[in-house]
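Summary of the model geometry
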Amino acid sequence: MSGRSSDERLFSEDVERLLSGEETLPSRADSDYDETLRFARRLLALREEPRPEFASTLRQRLLTGMAEQDLAASQQDTRSWFSRIFGQPGLRMAMVSTFVVIAAVGLLWRAGLLSMLPGQPAASAPAGAVSDNGMMPPAPAAGEPATLMATQGEADASAAARSTLPLSVQGYVAPTNSYGDRVVVSLVFSNSGTEGMMLSPFPPEVSIRDVANDQLVYAFAAGSSQLALSSMESATYDISWDQKDFDGAQVLPGTYAVDVWAMQSRLEKGFAGESPVTQGVVAFEVLPGAVDEQATDTGNKNR
Amino acid sequence: MAEAMVAGDGPQSGGPVSGEGTRSGLAGSRREAFAEMYDTCMPGVYRYINYRVGNASLAEDLTADVFEKALRHFDSFDRAKAAPSTWLMTIARNTITDHFRKESRVQVIREEDAPEEVSEEPETVDEIAKLEETHQLRLCLAGLPQLDQDIISLKFGAGMNNREIARALKVSESNVGTRLYRAVRRLRESFKGWEDNVRAK
């Protein structure tokens, strides 16, 4: 029994030697063992190495598959992250709702509809504006800021411009002025948008128009500068008119309107979005009285 | 004959890759580790499978199956529990078993399942005799119990040592030694009977 056990152990050792290319130990004069060992050599000769082409092809295929597996795993990670965020119904609903609200507000803002909400400054067709038929609205009470109005015949274009670009102008003037007194008009340019805007030219062209006959009686020439306004920023420009027309003559009592003309454009996006700024009209009244011969044009003093 | 042994974690291992070498592969990327495992173990896996099925083409297909399975489960493979060669041989055994089961074949090489060598158009009588002898050897091997077939295939095909075979087959190392010797003797006797018949003819 121990002899057979010894043979088994010895056989394993001899086979290990054969496998490692070594010679076996000298014959033990045991024909059965020796025959078995010789047979083991024949068994060893049965084994075949894989073809090199097969080995390299399979290797390449597997490594390619592994790369794809890695890629799929990384994509799965991304999807998992996405699904973690959007997989929860409550969170998903909250995010979608937020997005919808933001989109709706953005659209309303872009359409200019927000400026029509109560409490917002009117940007178009406000009370006191000159209507399309040229009728003069009642002048605002003394001390109250006059409201900008669209110029007759240009209301549509002006409204369209206001709806697309955020720069607006409001005029403030004493509603009644004594005959021959200087009329001071404050023009406030406001950028209600979210991006910087440019007003050009600056000072803008400001003209005085006789509302009764829609005749231009005087104009302050435009400057050659530009005015940059950041988001929600505003700037004031004052003019002082001595009630004289182009010929230096005192204008007649009546209702006069102030027109403002300039172009607005986006600071960051060039002038592609250029459009006229509100051609606003603020109206005031010149009361009857003695003619002041010394009145002069000082309208450009503030420029 | 080239002696490219499949080595594992055993101290008797004379192969090119030891357990330490495999662990160093882990330090690299996952892909490099797999490539290293492939380069080290693929020849042994192929030889083992070819030893079992006796058909080079089929052995290539099954070897590819083994490594594709290994690739799919590579992340779950725990090197602390098993050497790569042991793990791959376990997959290979299961793959062979699945193959024979799928093909509804008994695990005996039948006469009509001519090994690939027959188709290689041998030129000499000696070559014909050698091929016939090889074929008969495989038939005799197929007649052994499956465990003995595995032991002989892992030993002479894959070139594994007794400790590695014991781990792959989940038997004791001494049992491997005992069964190896007895299985080879039994195979020798079976083959001798065939040789005697041939000589008698």
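Let me begin by describing the structure that accompanies this report.

What counts, and at which threshold
Residues numbered from 1 in each chain as written. Chains lettered and ligands numbered in written order. Predicted model: local features only at pLDDT ≥ 70, side-chain atom pairs only at ≥ 80, totals over all residues. Heavy atoms only, no water. Contact = heavy atoms within 4.5 Å. Buried area = accessible area lost by both parts, 1.4 Å probe. Salt bridge = Lys/Arg side-chain N within 4 Å of Asp/Glu carboxyl O. Helix = DSSP H or I, 4+ residues; strand = E, 2+ residues; numbered from the N terminus. Patch = residues over 30% accessible without salt bridge, like charges linked within 9 Å, V, L, I, M, F, W, Y side chains within 5 Å. Areas by Shrake-Rupley, 256 points an atom, 1.4 Å probe, with all protein chains shown as cover. Buried < 20%, exposed > 50% of the residue type's maximum accessible area, 1.4 Å probe, protein only. Core = buried A, V, L, I, M, F, W, Y, C linked by side-chain atoms within 4.5 Å. Polar contact = N/O pair within 3.5 Å; in protein donor to acceptor, adjacent residues only side chain to side chain. Axes fitted to C-alpha atoms, helices over the stretch in contact; angles between N-to-C directions. Parallel < 35°, antiparallel > 145°, perpendicular 65-115°, else oblique. Phe/Tyr/Trp six-rings, centres within 6.5 Å; stacked < 30°, edge-to-face > 60°.

So, about the interface of chain B and chain A. Taken together, the contact pairs 51 residues of chain B with 39 residues of chain A. Area buried by chain B at its contact with chain A is led by B:F156, B:Y181 and B:R188, which between them contribute 17% of it. The interface formed by chain B and chain A contains 11 salt bridges. A salt bridge links B:K155 to A:E16; the nearest nitrogen and oxygen atoms lie 2.4 Å apart.

Here the focus is the environment of A:V251. Residues and elements named next belong to chain A. The topology assignment puts V251 in the loop between β7 (234–241) and β8 (254–266). The spatial distance from the C-alpha of V251 to the C-alpha of V286 is 8.6 Å, given a sequence separation of 35 residues. Once residues lying within four places of it in the same chain are set aside, the contact partners of V251 are Y179, V217, W241, Q243, K244, D245 and Y256.

A separate point is a nonpolar patch on the surface. Residue and element names in this part refer to chain A. A cluster of nonpolar residues, V96, F99 and V100, forms a patch on the protein surface that exposes about 300 Å² of accessible area. Topologically, V96 is positioned in helix α4 (residues 89–111). V96 gets classed as partly exposed once you look at its relative accessible area, which sits at 42%.

Let us look at the nonpolar core. One broad rule of soluble globular proteins: the nonpolar side chains tend to lie buried together. Counting 71 residues, the largest nonpolar core has A:L43, B:F34, B:I49, B:I152 and B:F156 as the members making the most contacts within it. In terms of residue count, helix α2 (residues 30–53) of chain B provides more of this core than any other element does, 13 residues in total. Contacts of A:L43, omitting those with residues within four sequence positions, involve B:Y51, B:L137, B:I152, B:F156, B:V184 and B:L187.

The next subject is the side chain of A:D259. For A:D259, the position within the fold is in strand β8. Side-chain polar atoms of A:D259 contact the side chain of A:R209, separated by 3.1 Å.

What follows is about the pattern of salt bridges. For the coordinates displayed, the defined rule picks out 23 salt bridges over all chains. One salt bridge in this structure joins B:E133 and A:R42, with 2.6 Å as the shortest N-O distance. Of this pair, B:E133 sits in helix α5 (residues 125–142) while A:R42 sits in helix α2 (residues 31–45), placing the two residues on different chains. The partner of A:D214 in a salt bridge is A:R209, with the nearest N and O atoms 2.8 Å apart. Each of A:D32, A:E35, B:R185 and B:R188 takes part in salt bridges that share partners, so that together they form one network.

What follows covers the packing of helix α6 (residues 146–158) of chain B against helix α8 (residues 173–200) of chain B. All names here are of chain B. Look at α6 against α8: their axes get within 9 Å of each other, and the N-to-C directions meet at 95°. Looking at the two axes, α6 sits roughly perpendicular to α8. Taking contact as the criterion, the partners of L147, D148, I151, I152, K155 and F156 in α6 are, on α8, V176, R179, L180, A183, V184, R186 and L187.

Our focus in this paragraph is the packing of aromatic side chains. In total, this model carries 16 aromatic pairs over all chains according to the counting rule given. Ring geometry for B:Y38 and B:F67: centres 5.0 Å apart, planes at 70°, overall edge-to-face. Of this pair, B:Y38 sits in helix α2 while B:F67 sits in helix α3 (residues 56–72), and the two are 29 residues apart along the sequence. Here B:Y38 matches B:F67 in class, with each residue buried. The rings of A:F11, A:Y33 and B:Y181 are connected pair by pair, giving a single aromatic cluster.

Mapped onto the elements, B:R185 comes out in helix α8. Separated by 2.9 Å, the side chains of B:R185 and A:D32 make a polar contact.

This part covers unusual backbone geometry. With an omega dihedral of -5°, the bond running from A:S200 to A:P201 counts as a cis peptide bond. Its location among the elements puts A:P201 in strand β4 (residues 197–210). The peptide bond linking A:F202 to A:P203 adopts the cis configuration, its omega dihedral lying at -5°. Within the fold, A:P203 resides in strand β4. Positive phi outside glycine occurs at B:K170, with the angle close to 60°. As for its position among the elements, B:K170 is in the loop between α7 (162–169) and α8. B:K170 gets classed as exposed once you look at its relative accessible area, which sits at 69%.

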